[in-house]
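An overview of the molecular structure
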Amino acid sequence: MASQSRFINNTRAAVDQFLGAYEELSARVDEYNSQGGQTFVNPFFLDENGDERSDLDINFAQFVAVITSVQAVSDLLAAGHATNLYRGKP
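Residues numbered from 1 in each chain as written. Predicted model: local features only at pLDDT ≥ 70, side-chain atom pairs only at ≥ 80, totals over all residues. Heavy atoms only, no water.

Digging into helix H1 (residues 2-34)
Here H1 is 33 residues long and its end C-alpha atoms lie 48 Å apart, about the 48 Å a rise of 1.5 Å per residue gives. For H1, the full list of buried residues reads Val-15, Leu-19, Tyr-22, Ser-26, Val-29 and Tyr-32. Buried-residue contacts for H1 involve helix H2 (38-41) and helix H3 (60-87). Gly-36 occupies a position one or two residues after H1 and carries a positive phi of about 115°. (Helix = DSSP H or I, 4+ residues; strand = E, 2+ residues; numbered from the N terminus. Expected span 1.5 Å × (residues − 1). Buried < 20%, exposed > 50% of the residue type's maximum accessible area, 1.4 Å probe, protein only. Contact = heavy atoms within 4.5 Å.)

The structure is reproduced here in structure tokens:
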């Protein structure tokens, strides 16, 4: 019984952490969109000559893919899965 209880409690704690991270990411996506999306972030990825910066460990396309993935998770959660996760929070 103790191992099941630990498993359930650990799972619920992980759900809580996931939802906290998701809420933070969702807020970042909202800010990204309100600031102009790709137009807002693109200059960060360019050097003074307009070329892609080589000093970064992520490029513009990869960053946009991150935003797209967060939006896809949002769509999945909006389809009803969020309700299940929020019910599982401790």
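After presenting the structure, the write-up continues.
Some points on the packing of H1 against H3
As a packed pair, H1 and H3 sit with axes 10 Å apart at the nearest point and diverge in direction by 130°. Between H1 and H3, the crossing angle belongs to the class labelled oblique. Read as a crossing pair, H1 and H3 show a hand that is left-handed. Contacts from Val-15, Phe-18, Leu-19, Tyr-22, Glu-23, Leu-25, Ser-26, Val-29, Tyr-32 and Asn-33 in H1 reach Phe-63, Val-64, Ile-67, Val-70, Gln-71, Val-73, Ser-74, Leu-77, Leu-85 and Tyr-86 in H3. Looking at side-chain class alone, the contact of H1 with H3 contains 15 nonpolar, 4 polar and 1 charged residues. (Axes fitted to C-alpha atoms, helices over the stretch in contact; angles between N-to-C directions. Parallel < 35°, antiparallel > 145°, perpendicular 65-115°, else oblique. Left-handed = near helix turned anticlockwise from the far one by under 90°. Nonpolar A, V, L, I, M, F, W, Y, C, P; charged D, E, K, R; others polar.)

Structural notes on the pattern of salt bridges
Going through the model one piece at a time under the given rule, you end up with 4 salt bridges. Ionic pairing is found between Lys-89 and Asp-16, a salt bridge with its closest N-O pair at 3.4 Å. Taken together, the positions of Lys-89 in the segment after H3 and Asp-16 in helix H1 put the pair 73 residues apart, joining distant regions of the chain. Judged by its relative accessible area of 31%, Asp-16 falls in the partly exposed class. Where Glu-31 meets Arg-28, a salt bridge forms, and the shortest distance between an N and an O atom there is 3.0 Å. Of this pair, Glu-31 and Arg-28 are both found in helix H1, 3 residues apart, which corresponds to roughly one turn of the helix. In this structure Glu-31 comes out as partly exposed when scored by relative accessible area, which is 36%. Using a relative accessible area of 39% as the deciding quantity, one classes Arg-28 as partly exposed. (Salt bridge = Lys/Arg side-chain N within 4 Å of Asp/Glu carboxyl O.)

Some details on the nonpolar core
Val-29, Tyr-32, Val-41, Phe-45, Val-64, Ile-67 and Val-70 together form the largest nonpolar core, which totals 7 residues. Looking at this core, the elements with two or more residues in it are H1 and H3. Ignoring sequence-local partners within four residues, the contact set of Val-64 consists of Tyr-32 and Gln-38. (Core = buried A, V, L, I, M, F, W, Y, C linked by side-chain atoms within 4.5 Å.)

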